[in-house]
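Next come the chains, spelled out residue by residue.
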Amino acid sequence: MRYEFPKNFLWGAATSAHQVEGNNHNNWSEWEKKNAEKLAREAKTKYAKWQQDKFPEMFDPANYISGAASDHYNRYEEDFDIAKSLGHNTHRFSVEWSRVEPEEGKWNEEAIEHYRTVIKALRARGIEPFVMLWHWTEPIWFNNQGGWATLSSAAHFERFVRKVVSEYKDQVKFWVVVNEPNVSMGYGYYVGSQPPGKKGVINLIRGYTNLFFAFKRAARAIKEIEPSAEIGVANSVDYYEVRIGSFKSRVFSAIVAYLTRIFLRASLSYCTFLGVNYYRRNVISFPKFQMDATKRTDLGWEIFPEGIYTILMSVRKHGLPVYITENGIADGDDSRRPTYVRDHLAQVARAINDGVDVRAYFHWSLLDNFEFPDMRGFWPRFGLVEVDFKTQKRTIRPSAYEYAKICKENAIEI
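Worth saying up front: this structure is predicted, and the values here are computed from it rather than measured.

Cut-offs applied
Residues numbered from 1 in each chain as written. Predicted model: local features only at pLDDT ≥ 70, side-chain atom pairs only at ≥ 80, totals over all residues. Heavy atoms only, no water. Helix = DSSP H or I, 4+ residues; strand = E, 2+ residues; numbered from the N terminus. Rg over C-alpha atoms; globule rule 2.2 N^0.38 Å. Buried < 20%, exposed > 50% of the residue type's maximum accessible area, 1.4 Å probe, protein only. Lys, Arg positive; Asp, Glu negative; His and termini not counted. Charge placed at Lys NZ, Arg CZ, Asp CG, Glu CD. Pairing = 2+ DSSP bridges. Axes fitted to C-alpha atoms, helices over the stretch in contact; angles between N-to-C directions. Contact = heavy atoms within 4.5 Å. Patch = residues over 30% accessible without salt bridge, like charges linked within 9 Å, V, L, I, M, F, W, Y side chains within 5 Å. Areas by Shrake-Rupley, 256 points an atom, 1.4 Å probe, with all protein chains shown as cover. Salt bridge = Lys/Arg side-chain N within 4 Å of Asp/Glu carboxyl O. Phe/Tyr/Trp six-rings, centres within 6.5 Å; stacked < 30°, edge-to-face > 60°. Lys NZ or Arg CZ within 6 Å of the ring centre and 35° of its normal. Bend = angle between axes of the 7 residues up to and from the residue. Expected span 1.5 Å × (residues − 1). Parallel < 35°, antiparallel > 145°, perpendicular 65-115°, else oblique. Left-handed = near helix turned anticlockwise from the far one by under 90°. Core = buried A, V, L, I, M, F, W, Y, C linked by side-chain atoms within 4.5 Å. Right-handed = clockwise from strand over helix to strand, strands pointing away.

Novice: Outline the overall build of the protein, supporting the account with residue identities and numerical values.
Specialist: From N to C terminus, the protein includes 14 helices and 14 strands. For 414 residues, the compact-globule formula gives about 22 Å, and the C-alpha radius of gyration of the protein, at 20 Å, lands near that figure. Overall, the protein is about 55 × 45 × 45 Å in size when its C-alpha atoms are taken along their principal axes. Expressed as a percentage of its 414 residues, the buried residues of the protein come to 60%. Taken together, the 56 basic and 51 acidic charged side chains of the protein have centroids lying 5 Å from each other.

Novice: Requested: an account of the sheet that holds strand β11 (residues 358-364), with residues and values cited.
Specialist: The 8 strands lie next to each other as β2-β3-β4-β5-β6-β8-β10-β11, forming a closed barrel whose pairing is parallel. If you compare each strand with its neighbour and ignore which way they point, the axes differ by 25° on average. Packed onto the sheet, helix α6 (residues 109-124) meets β3 (90-94) and β4 (128-132) and runs at close to 170° relative to β3.

Novice: I'd like a description of a nonpolar patch on the surface, backed by residues and values.
Specialist: There is a patch of nonpolar side chains on the surface, built from Tyr190, Val191, Val201 and Ile205 and spanning about 350 Å² of accessible area. Here Ile205 is to be found in helix α10 (residues 201-225).

Novice: Give me the packing of aromatic side chains: which residues, what numbers.
Specialist: Throughout the structure, instances matching the rule amount to 40 aromatic pairs. Ring geometry for Tyr47 versus Trp379: centroids 5.1 Å apart, planes at 85°, classification edge-to-face. Linking Tyr47 in the loop between α2 (27-46) and α3 (49-54) with Trp379 in the loop between β11 and β12 (385-387), this pair joins segments that are 332 residues apart in sequence. Trp379 carries the same exposure label as Tyr47, and that label is buried. Among the aromatic residues, those joined into a cluster by ring pairs are Trp97, Trp134, Trp141, Phe142, Trp148, Phe157 and Phe160. The cationic tip of Arg99 hangs over the ring face of Tyr73; the distance from NZ or CZ to the ring centre is 3.9 Å.

Novice: Which residues make up helix α4 (residues 72-85), and what values do they have?
Specialist: A bend of about 40° at Glu78 is the largest found in α4. Residues of α4 that are buried in the fold lie against α1 (17-20), β3, α5 (97-100), α6, β12 and β13 (394-396). One or two positions beyond α4, positive phi appears at Gly87, with a value near 85°.

Novice: Before we move on, could you go through the side chain of Asn27 and cite the residues and values that matter?
Specialist: Among the secondary structure elements, Asn27 is positioned in helix α2. Beyond its immediate stretch of four places on either side in the chain, Asn27 contacts Trp136, Thr137, Glu138, Ile140, Asn143 and Pro195.

Novice: Which residues make up the pattern of salt bridges, and what values go with them?
Specialist: The full count for this structure, using the stated rule, is 33 salt bridges. Salt-bridge contacts for Glu21 lead to Arg99; the nearest nitrogen and oxygen are separated by 2.8 Å. You can see Glu21 sitting in the loop between α1 and α2 and its partner Arg99 sitting in helix α5, a full 78 residues away along the chain. This pair shows no difference in class: Glu21 is buried, exactly as Arg99 is. With its nearest N and O atoms 3.0 Å apart, the salt bridge here joins Glu113 to Arg116. Residue Glu113 and its partner Arg116 are both found in helix α6; the two are separated by 3 residues, about one turn of the helix. Connected via shared salt-bridge partners are Lys54, Asp298, Asp331, Asp333 and Arg336.

Novice: If you had to explain unusual backbone geometry to someone new, which residues and values would you point to?
Specialist: With an omega dihedral of 5°, the bond running from Pro195 to Pro196 counts as a cis peptide bond. Within the element layout of this structure, Pro196 appears in the loop between α9 (181-191) and α10. Residue Ser365 follows Trp364 across a cis peptide bond; omega there is 5°. Within the fold, Ser365 resides in the loop between β11 and β12.

Novice: Which residues make up helix α14 (residues 398-409), and what are the values?
Specialist: Spanning 12 residues, α14 covers 17 Å between terminal C-alpha atoms, matching the ideal 16 Å at 1.5 Å per step. On its buried face, α14 is in contact with β2 (10-14), α13 (337-353), β11, β13 and β14 (411-413). A positive phi of about 55° marks Asn410, the residue just after α14.

Novice: Explain the packing of helix α12 (residues 306-315) against α13 to me, and be specific about the residues and the numbers.
Specialist: Where α12 meets α13, the closest approach of the two axes is 8 Å, and the angle between their N-to-C directions is 30°. In terms of their interaxial angle, α12 and α13 are classed as roughly parallel. Where α12 crosses over α13, the two elements pack in a sense that is right-handed. Across the interface between the two elements, Glu306, Ile308, Tyr309, Leu312 and Met313 from α12 touch His344, Gln347, Val348, Arg350 and Ala351 from α13.

Novice: Quick one: what's the story with the nonpolar core, residue by residue and with numbers?
Specialist: In terms of nonpolar packing, the biggest core is built from 129 residues, with Trp148, Phe157 and Trp175 touching the most fellow members. Per-element accounting of this core gives the leading share, 9 residues, to α10.

Novice: Give me the lowdown on the pairing of β11, citing residues and values where you can.
Specialist: Taking burial as the measure, the 7 residues of β11 include 6 buried ones, the bulk of the element. When β2 meets β11, the two strands line up parallel, connected through 5 bridges. Looking at the pairing, Leu10 lines up with Ala360 of β11. Bridge count between strand β10 (residues 322-326) and β11: 3 bridges; the pairing is parallel. Paired with Ile324 across the strands is Tyr361, a residue of β11. Viewed along the sheet, the connection from β10 through α13 into β11 turns out right-handed.

Structural data, given as structure tokens:
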């Protein structure tokens, strides 16, 4: 069965500044230098034997220092040429706060002009820019003042957003204000395994609350500056399945589901669209769920395409257009990505057919990059385009051509 996607459907991929640009100076770059050796040691107990054997680079401290990353800051035109050749008509990227406002209240005009040229480069290729305003990194001065744990954080973020939106409002229609607040706050302010390395429930509550206040102020500012702007949040939504019938398990499942969706629900009145990031299913069971080794990613996540259909159906009730702002797989040898992309898009097509207003799909990621969550570094390979981090050579993977066919035809055979 051939399924045609809606007219004007947006096809593309996503990146984030710190993960691809290279040579950023922010709270992450400082934290990386201080923790690289510890992270390399911890890999021996953090990852499974099969992962350690396949990716021994995880034991090298250099894996955890972003450095030049994918050098996208200098090679963005080359990368956008690749995206255009693959049939992409949209691209999601982030503006690095630490470049634009390296000192509190002082703007870096060179950086502002750089991002203007990035946006113009996308427009020149017929690619719609989606601008992410916060993808986890902050200026050093912001971090020194306490980051999101301080009440002043929301005002600082609003000032940055006002500046960026005022500069690019004539060229940008879509603004994604924050990315995966539950993931960033969980690892950074509760577990402490990524910047800023804070731990405990109090830090989590403070961080999450202030980030939400910042989002509200930013969303209002965007609407004030450009009333026609489209505003959303990229929500990380895993599919949870509970296979234990006990009361305790049902309560636990309810708490997990609530924490996953709390930001989404609270932000609805400020959004004109919903962003959904989907990667995997989490099965809560006793005894522990035994995953099929042929259906897991290099990060050990279960490949479960049906989950994206369930998630999309669950957000239909909110009545807003849905943009799949991330979906992808860590797959270094590209053996599973072609099927992964097709199977997930088949489920997206199924959701659209059943009434969900899905308008875009962004694959994570356009390029191999410095992988963020829980500080994984360079070894997980998510790119449609392979990057040799020593030479910066780009090689388009076979899966990228499979995805390109779907993009160009605006259709998929199911």
